[in-house]
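A structural walkthrough
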Amino acid sequence: MNSRKWVRLFLTTLWIGGLTTLIISFIFKYDSYAEVMQPFQLFELIGLLLFFSGLGFIFSVISQMGFFAYLTVNQFGKGMFRSLWSPVQVFLIAFTLFDLVYFRYRAAEGATIWPFLWTALGLLALSLIIAYVKAKETKPHAFIPALFFMVVVTSVEWVPALRAQGSDYVWLMIIPLFICNAYQLILLHRLTHSSETAA
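Residues numbered from 1 in each chain as written. Predicted model: local features only at pLDDT ≥ 70, side-chain atom pairs only at ≥ 80, totals over all residues. Heavy atoms only, no water.

Comments concerning unusual backbone geometry
Between Q38 and the following residue, P39, the backbone shows a cis peptide bond with an omega angle of -5 degrees. By secondary structure assignment, the location of P39 is in the loop between α2 (30-37) and α3 (42-81). Even without being a glycine, R82 presents a positive backbone phi close to 55 degrees. Assignment of secondary structure puts R82 in the loop between α3 and α4 (85-107). (Helix = DSSP H or I, 4+ residues; strand = E, 2+ residues; numbered from the N terminus.)

Okay, here's the thing in structure tokens:
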């Protein structure tokens with residue numbers, strides 16, 4: 001894949017991250033917009049729009065760093081573990097989902113386990129859909145690497161928001177991250193014109 005295609009992937013993913021974050025900020029940070037609308041404050045509104053767009057660009061860059069890191073890790077894993085690489089990925093997927101539920105539940109005082117369980121199941125369900133599409137468009141054994149990327153790598157990228165106080169930034173970060181990761185994963189084999197891309 002030539003540099004022009006890499007630049008295209010970078011820029012389109014960047015704008016997807018910025019636009020997605022900006023759109024969902026109207027939902028999860030509605031109170032911030034309400035403050036500048038009553039009374040109407042133009043410069044503060046512009047500042048908010050730029051802030052959330054910029055935040056989305058940062059999420060996009062995090063997503064792209066995770067994507068390219070995984071491409072390297074995937075090749076390294078294939079070389080080191082060979083036929084065991086798929087079982088290793090399945091184990092890491094299961095551990096990550098367990099971590100998203102159990103350890104977050106233990107860290108949250110007085111909370112029920114259900115929100116954490118539904119979050120992990122939602123991530124898994126959406127990741128299964130993306131992995132299925134990837135495998136269908138490339139080859140069957142691309143399913144597990146794609147699922148690994150969508151679950152494990154997305155969760156690792158999500159850690160800063162998971163450590164933050166308040167749930168608004170948790171959702172404000174995971175949605176753009178997931179969309180950017182899915183976009184890169186599905187677009188990669190189209191850019192390389194190859195059905196042999198497993199990641």
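A short note on the side chain of T138
Along the polypeptide, T138 turns up in the loop between α5 (114-137) and α6 (143-163). Only 2.6 Å separates the side chain of T138 from the backbone oxygen of K134, close enough to count as a polar contact. (Polar contact = N/O pair within 3.5 Å; in protein donor to acceptor, adjacent residues only side chain to side chain.)

Here we look at the nonpolar core
Within the largest apolar cluster, 42 residues are counted, with the highest numbers of intra-cluster contacts made by F52, I93, I130, F149, M150, W158 and L185. Secondary structure elements with two or more residues in this core: α1 (3-28), α2, α3, α4, α5, α6 and α7 (168-192). Ranked by the residues each element gives to this core, the list is headed by α7, at twelve residues. Dropping the residues within four chain positions of it, I130 is found in contact with M150, F178, A182, L185 and I186. (Core = buried A, V, L, I, M, F, W, Y, C linked by side-chain atoms within 4.5 Å. Buried < 20%, exposed > 50% of the residue type's maximum accessible area, 1.4 Å probe, protein only. Contact = heavy atoms within 4.5 Å.)

Points about α4
Helix length check: α4 (23 residues) gives 31 Å between terminal C-alpha atoms against 33 Å at 1.5 Å per residue, within 8%. In the structure, α4 departs most strongly from a straight axis at D99, where the bend amounts to approximately 30 degrees. If you check which residues of α4 are buried, you get W85, Q89, I93, T96, L97, L100 and V101. In this structure, the buried side of α4 is in contact with α3, α5 and α6. (Expected span 1.5 Å × (residues − 1). Bend = angle between axes of the 7 residues up to and from the residue.)

Considering the environment of F91
In this fold, F91 is placed in helix α4. Classification of F91 by relative accessible area gives exposed; the value is 54%. Remark: the alpha-carbon pair of F91 and F148, spanning 57 residues in sequence, is separated by 9.6 Å.

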